[in-house]
Amino acid sequence: MVTASHDSNGSIATWLRGLLSIAWSDGDYTPEEQESIARFAHELHLEDGDVLYRSIEPEELAESLGKDPKTAENFLRTAVIVAIADGIYSPAEADLLHRFSEALGIRVEALEALEHTLCKPAETAGETTKSALICPEPPHPDLLHPLKDWLDGLEIHDPRLARFICKMVPPQCPFERDIVLFGHKIVHIPPLCKLNPLYDQLVGLRFRSLSYLADECQEDISEYI
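Residues numbered from 1 in each chain as written. Predicted model: local features only at pLDDT ≥ 70, side-chain atom pairs only at ≥ 80, totals over all residues. Heavy atoms only, no water.

Under an unreviewed UniProt entry, the name given to the protein chain is Mo-dependent nitrogenase C-terminal domain-containing protein, and the organism recorded is Pannus brasiliensis CCIBt3594.

Rendered as structure tokens:
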């Protein structure tokens, strides 16, 4: 196993800016995300608390994170998790992930399997949004096996990154619900995110982050559950 750990607020701020750049690349920026960013800036005691609100260019990210290939690979792992957390891997996310990989100077063969999950723009006028994307059927599990192993290789050893992951990966899909009629459950709609072929990797990383915060950091994790 390899770890994600950082010694300075500068490096973790760069790391988070990179992940947020992935999250925002499709144009979505919800009030909940803004609130989370404000909280992270406060927790990090950043002199410039607005820094997390700014996207980061691949070259700036690579310069700040340094030359360590393990650090670069761990950043890409978490960037992939952010990109697929909502079950949609968009062209904008794929393009930025590729640019990050090039700037960091590493090539991960397992990432090639992610292309099998790439959603394509629908033939609609105007700006392409997630609602205007057509996603492929989940690929055969064997195609994604190298990618799953690669993602499972990440362990969390920084509480700030662990908190970020707990916020980015929801405890349950918001679309999961029971249909109740006259007080009786007649059907259960499963979480649509389980259609995500990398769902187990998302859940596993969130669980490892929660365990680290609770067991190693002795933090109250009730707000994430």
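Here the narrative resumes.
K.L.:
When you look at the overall build of the protein chain in this model, what are you seeing that I'm missing?
P.N.:
In terms of regular secondary structure, the protein chain is built from 8 helices and 6 strands. Each helix and strand of the protein chain, ordered N terminal to C terminal, gives the series β-α-α-α-α-α-β-β-α-β-α-β-β-α. By the burial criterion, 44% of the 225 residues in the protein chain qualify as buried. As displayed, the protein chain has an accessible area near 12300 Å², and 53% of this comes from carbon and sulfur atoms. (Helix = DSSP H or I, 4+ residues; strand = E, 2+ residues; numbered from the N terminus. Buried < 20%, exposed > 50% of the residue type's maximum accessible area, 1.4 Å probe, protein only. Areas by Shrake-Rupley, 256 points an atom, 1.4 Å probe, with all protein chains shown as cover.)

K.L.:
How should I be thinking about the packing of aromatic side chains in this particular structure?
P.N.:
To describe a pair of aromatic rings, you give the distance between the ring centres and the angle between the ring planes. Inspection of the entire model under this criterion finds 2 aromatic pairs. For the pair Trp15 and Phe75, a centre-to-centre distance of 5.7 Å together with 85° between the ring planes defines the contact as edge-to-face. Taken as a pair, Trp15 in helix H1 (residues 9-24) and Phe75 in helix H4 (residues 69-84) lie far apart in primary sequence, 60 residues in all. Per residue, the accessibility class of Trp15 equals that of Phe75, and both read buried. Ring centres 5.5 Å apart and planes at 80° place the aromatic pair Phe75 and Phe100 in the edge-to-face group. Placement of the pair is Phe75 in helix H4 and Phe100 in helix H5 (residues 91-104), with a sequence separation of 25 residues. Judged by its relative accessible area of 0%, Phe75 is buried. For Phe100, a relative accessible area of 0% puts it in the buried group. Ring-pair connections join several aromatic residues into one group, and the members of that group are Trp15, Phe75 and Phe100. (Phe/Tyr/Trp six-rings, centres within 6.5 Å; stacked < 30°, edge-to-face > 60°.)

K.L.:
Would you take a moment to explain the nonpolar core for this structure?
P.N.:
Most often, soluble globular proteins have nonpolar side chains that are buried together. Formed by 55 residues in total, the largest nonpolar core has its most connected members in Phe75, Leu76, Leu97, Leu104, Leu147 and Trp150. For this core, the secondary structure elements donating two or more residues are H1, helix H3 (58-65), H4, H5, helix H6 (141-152), strand S4 (154-156), helix H7 (159-168) and helix H8 (199-216). Apart from the residues lying within four places of it in its own chain, the contact partners of Trp150 are Glu73, Leu76, Arg77, Val80, Val108, Ala110 and Leu111. (Core = buried A, V, L, I, M, F, W, Y, C linked by side-chain atoms within 4.5 Å. Contact = heavy atoms within 4.5 Å.)

K.L.:
Any chance you could explain the environment of Asp158 here in plain terms?
P.N.:
Within the secondary structure, Asp158 sits in the loop between S4 and H7. Remark: the alpha-carbon pair of Asp158 and Ser209, spanning 51 residues in sequence, is separated by 9.1 Å. A distance of 2.9 Å separates the side chain of Asp158 from the backbone nitrogen of Arg160, its partner in a polar contact. (Polar contact = N/O pair within 3.5 Å; in protein donor to acceptor, adjacent residues only side chain to side chain.)

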